[in-house]
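Take a look at the letters that make up each chain.
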There are 2 protein chains.
Amino acid sequence: MITICVDVNGGDEKPAVVLEGIERALAANEDLCVLAAGTPDSGVEAFCESHDRATALVCSEAIGMDEHPTEAIRTKRDSTIVRGCAAVRAGEADGFFLAGSTGAIFAAATLHVGRVPGIKRPAIACAMPGLAGHETIFMDMGANADCRPEMIAQFAAMGSAYAKTELGVDNPRVALLSNGTEDTKGSESAQAAFAACKEVEGINFVGNCEGTDILMGDLDVIVTDGFTGNVALKTLEGTAKFLVGVLKEYASSSILSAMGALALKPALKEAAGKLSGDAHGGAVLLGLKAPVLIGHGATSPTAVCNGTLAAAAAVSSGLVERLTNAN
Amino acid sequence: MITICVDVNGGDEKPAVVLEGIERALAANEDLCVLAAGTPDSGVEAFCESHDRATALVCSEAIGMDEHPTEAIRTKRDSTIVRGCAAVRAGEADGFFLAGSTGAIFAAATLHVGRVPGIKRPAIACAMPGLAGHETIFMDMGANADCRPEMIAQFAAMGSAYAKTELGVDNPRVALLSNGTEDTKGSESAQAAFAACKEVEGINFVGNCEGTDILMGDLDVIVTDGFTGNVALKTLEGTAKFLVGVLKEYASSSILSAMGALALKPALKEAAGKLSGDAHGGAVLLGLKAPVLIGHGATSPTAVCNGTLAAAAAVSSGLVERLTNAN
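Heads up: these notes are all about the structure in this document. Small disclaimer: the values here were computed from a predicted structure and weren't measured.

### Section: the overall build of chain A
Counting its secondary structure elements, chain A contains 12 helices and 11 strands. Here chain A has a C-alpha radius of gyration of 20 Å; the compact-globule value for 327 residues is 20 Å, and the two agree. With the C-alpha coordinates of chain A rotated into their principal frame, the extents come out at 60 × 60 × 35 Å. Taken across its 327 residues, chain A has 58% of its residues classed as buried. Put simply, of all contacts in chain A between residues at least 6 apart along the chain, 69% involve residues at least 24 apart. Taken as a whole, chain A presents about 12800 Å² of accessible surface, with 50% of it coming from carbon and sulfur.

In structure tokens:
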């Protein structure tokens, strides 16, 4: 049996949405137990009484999406996020899924779940979609604004190990995000990271890549610092919104174009879903002693179900052991 | 009269495409003279004999899109790019438009047109589209991978001056690209750039912005270093290609969706055109003694015409004088 802790108060939706997701996950995986962390008014106790493989972890408070991450983690010691992380560290759960504020979760998990020995800084990774079913692991998505070269090199090793379990790729092609594909490209810090990545043993480092490669490349892993990673992801998000906005403006210009937009709506919705990372249960924190997965704040029963199952799959595939051996 | 030098051999298309663009520009602006730089086989001499306001600058060689920028500039002294820049410096032309390799043009223009006194490094700027007609000047697009804080501060001043002439905005809102909007966000170098931008007098610096703001914000100018700028632009390009690819994949799945895609094609084409920057004649090098505009390698008569007219407009609006006074 694998036990995954789920934060019932996580995200912007009502706890009932999260509980419905947990119910679906329990139905989908008979080897799954859930430690459901929730406030007394979340309905978590009643839910666990009526579900065999669910145990309630009742906490007195929750951390909102708009609270200051480190401040909230420090002061709200009985919050679902902090208690959930502590339960994972104590071995009461094997992994953690929660929707919500990336900053607060990263801070709490680094502090209370703890790092794999030897890992300098955990990083946030996500599987980005591509055409024809191709996917690329992209990291760091924003946890570490400044990265020393050896940190990026560790990201490359962790990303490679993660791509093996998550994408099922044998010898993942790992590249460094830069301002050109040539070996000589890059800012001074990117060039130093390039040199460090080249020294990592046991990975297939193929050199520099460009921003176009995040969605349109043939790579399995792209690593960068959290500043550049955040800018790239936010730019990607803005571009998708812009193009959808252009189509909406155009759709309102004639009946023909309105019908065209209607016909393509499912495709755009699917693309948006892929870009959100929800298919993989959201983003994953790599470098911690247990898998911690982060879903979007705007969550849904499907997202919670996928995230909980993905956390369980990360446990059963031995993700953390692989990351540990990779460093 | 304003004289704009145009590189007839620039870009991936045949010289005849560029000459057709020059012809259109001459027809559109009666105060325009063109100094057409081309190789003997480009047809530039015959063209200039049959057009009153066109003068040929015959050069023995051209620099290809795939050549190493600084190497080509150094060795090909009689190339259209180098000779065109020299003609601008000598006062034989007031500005320069060329389609082609940004790296080679940036190197040649910095060396042979020369910087405005006091400007540490020229930067490449482009007007990015937004919804409802809003536009944002984005720079540096990739010329300077490493930027000291005072360089970014100069970009902010130049971008503000450019937004006034190009977008017609009175008091442009200038922001620094970062990994969050709060003042405390940013890598160490972004935080140093933030402090330097705050000290710039005579501009309306509103603080940090995110990647989403490039296309979906309400800002007039966004500044960043050339490394981050290149990653953002390439990510934007990749995202647009990805979404068009998703729609294509979907369009081939049924007749209804194929018709939908067909109905929306004009909107996507228009959006792609806006994203390419061709409406403004391409990207502009700011910080040089004369306006130098760069069009896409895959050029067209319309792009050459717009670029040539935009260069003339930059001269007549006193862009360089404004940039000089801004620093």
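So much for the structure itself; the text now carries on.
### Examining the relation of the copies chain B and chain A
Each copy of the chain is related to the other by a rotation around an axis and a translation along that axis. Superposing chain B onto chain A takes a rotation of 180° plus a shift of 0.0 Å along the axis, which leaves an RMSD of 0.1 Å. When the rotation and shift are considered jointly, the pair of chain copies conforms to a two-fold rotation axis. Nearest to the rotation axis, the C-alpha of B:Gly260 is located 1.7 Å from it, this being the minimum over chain B.

### Looking at the packing of aromatic side chains
Residue and element names in this part refer to chain A. The final tally for this structure, using the stated rule, is two aromatic pairs over all chains. Ring centres 5.5 Å apart and planes at 70° place the aromatic pair phenylalanine 194 and phenylalanine 205 in the edge-to-face group. Of this pair, phenylalanine 194 sits in helix H7 (residues 188-198) while phenylalanine 205 sits in strand E8 (residues 204-209), placing them 11 residues apart in sequence. Phenylalanine 205 carries the same exposure label as phenylalanine 194, and that label is buried.

### Description of helix H11 (residues 301-316) of chain A
Since the α-helix packs 3.6 residues into each turn, any two residues three or four apart lie on the same face. All names here are of chain A. Look at H11: 23 Å from first C-alpha to last across 16 residues, which is about the 22 Å you get at 1.5 Å a residue. If you check which residues of H11 are buried, you get Pro301, Ala303, Val304, Cys305, Gly307, Thr308, Ala310, Ala311, Ala312 and Ala314. Of the residues one or two after H11, glycine 318 is the one with positive phi, at around 70°.

### Points about the packing of helix H1 (residues 15-28) of chain B against helix H11 (residues 301-316) of chain B
Residue and element names in this part refer to chain B. In contact at an axis separation of 7 Å, H1 and H11 are set at 50° when each is read in the N-to-C sense. One element, H1, and the other, H11, form an angle in the oblique class. Crossing hand, H1 versus H11: right-handed. Counted together, Val17, Val18, Glu20, Gly21, Ile22, Arg24, Ala25 and Ala28 of H1 and Pro301, Thr302, Val304, Cys305, Thr308 and Leu309 of H11 form the full contact between these two elements.

### Observations regarding the pattern of salt bridges
A full pass over the atoms with the stated rule returns 16 salt bridges over all chains. Between B:Glu210 and A:Lys234 there is a salt bridge, with its nearest N and O atoms 2.7 Å apart. Residue B:Glu210 is found in the loop between strand E8 (204-209) and helix H8 (213-216), and its partner A:Lys234 is found in helix H9 (residues 226-251); the two belong to separate chains. Residue B:Lys76 is joined to B:Glu67 by a salt bridge in which the shortest nitrogen-to-oxygen separation is 2.8 Å. Among the residues examined, B:Glu67 registers a relative accessible area of 27% and is labelled partly exposed.

### Quick notes on unusual backbone geometry
Here the amide bond leading from A:Met139 into A:Asp140 is cis, since omega sits at 0°, within 30 degrees of zero. Mapped onto the fold, A:Asp140 is located in the loop between strand E6 (135-139) and helix H6 (149-166). The phi angle at B:Ala132 is positive, at roughly 55°, despite the residue not being glycine. Within the secondary structure, B:Ala132 is located in the loop between strand E5 (123-129) and strand E6 (135-139).

### Some remarks on the sheet that holds strand E4 (residues 95-99) of chain A
Residues and elements named next belong to chain A. An order of E3-E2-E1-E4-E11-E10-E5-E6-E9-E7-E8 is seen for the 11 strands of this open sheet, with the pairing classed as mixed. Of all the strands in the sheet, just strand E3 (54-58) and E8 have a single pairing partner and so form its edges. Geometrically, the sheet is characterised by an average inter-axis angle of 25° between neighbouring strands, direction not taken into account. Looking at chain direction, E4 and strand E11 (residues 292-295) are connected through four bridges and run parallel. Each residue of the ladder has a partner; that of phenylalanine 96, found in E11, is valine 292. Packed onto the sheet, helix H5 (residues 102-112) meets E4, strand E5 (123-129), strand E10 (283-286) and E11 and runs at close to 170° relative to E11. Seen against the sheet, H7 touches strand E7 (173-177) and E8 and runs at an angle of roughly 165° to E8.

### What about the interface of chain B and chain A?
Each side of the interface is counted separately: chain B has 50 residues, and chain A has 50 residues. The tally of links between chain B and chain A comes to two salt bridges. Here chain B is connected to chain A by eight residue pairs in polar contact (both at pLDDT 80 or more). Elements supplying a minimum of two residues to the side of chain B that touches chain A: helix H7 (188-198), H8, helix H9 (226-251) and helix H10 (255-276) of chain B. A per-element tally of the side of chain B that touches chain A places H9(B) first, with 20 residues. For the side of chain B that touches chain A, a count of residues per class yields 28 nonpolar, 15 polar and seven charged.

### Here's the deal with the side chain of B:Thr224
Residues and elements named next belong to chain B. Of note, threonine 224 is situated in the loop between strand E9 (221-223) and H9. Residue classification places threonine 224 among the buried positions, given a relative accessible area of 2%. Residue contacts for threonine 224: discarding those within four places in its chain leaves Phe138, Met139, Asp140, Ile152, Phe155, Leu177 and Gly229.

The rules behind the values
Residues numbered from 1 in each chain as written. Chains lettered and ligands numbered in written order. Predicted model: local features only at pLDDT ≥ 70, side-chain atom pairs only at ≥ 80, totals over all residues. Heavy atoms only, no water. Helix = DSSP H or I, 4+ residues; strand = E, 2+ residues; numbered from the N terminus. Rg over C-alpha atoms; globule rule 2.2 N^0.38 Å. Buried < 20%, exposed > 50% of the residue type's maximum accessible area, 1.4 Å probe, protein only. Contact = heavy atoms within 4.5 Å. Areas by Shrake-Rupley, 256 points an atom, 1.4 Å probe, with all protein chains shown as cover. Least-squares fit on C-alpha atoms with pLDDT ≥ 70 in both. Phe/Tyr/Trp six-rings, centres within 6.5 Å; stacked < 30°, edge-to-face > 60°. Expected span 1.5 Å × (residues − 1). Axes fitted to C-alpha atoms, helices over the stretch in contact; angles between N-to-C directions. Parallel < 35°, antiparallel > 145°, perpendicular 65-115°, else oblique. Left-handed = near helix turned anticlockwise from the far one by under 90°. Salt bridge = Lys/Arg side-chain N within 4 Å of Asp/Glu carboxyl O. Pairing = 2+ DSSP bridges. Polar contact = N/O pair within 3.5 Å; in protein donor to acceptor, adjacent residues only side chain to side chain. Nonpolar A, V, L, I, M, F, W, Y, C, P; charged D, E, K, R; others polar.

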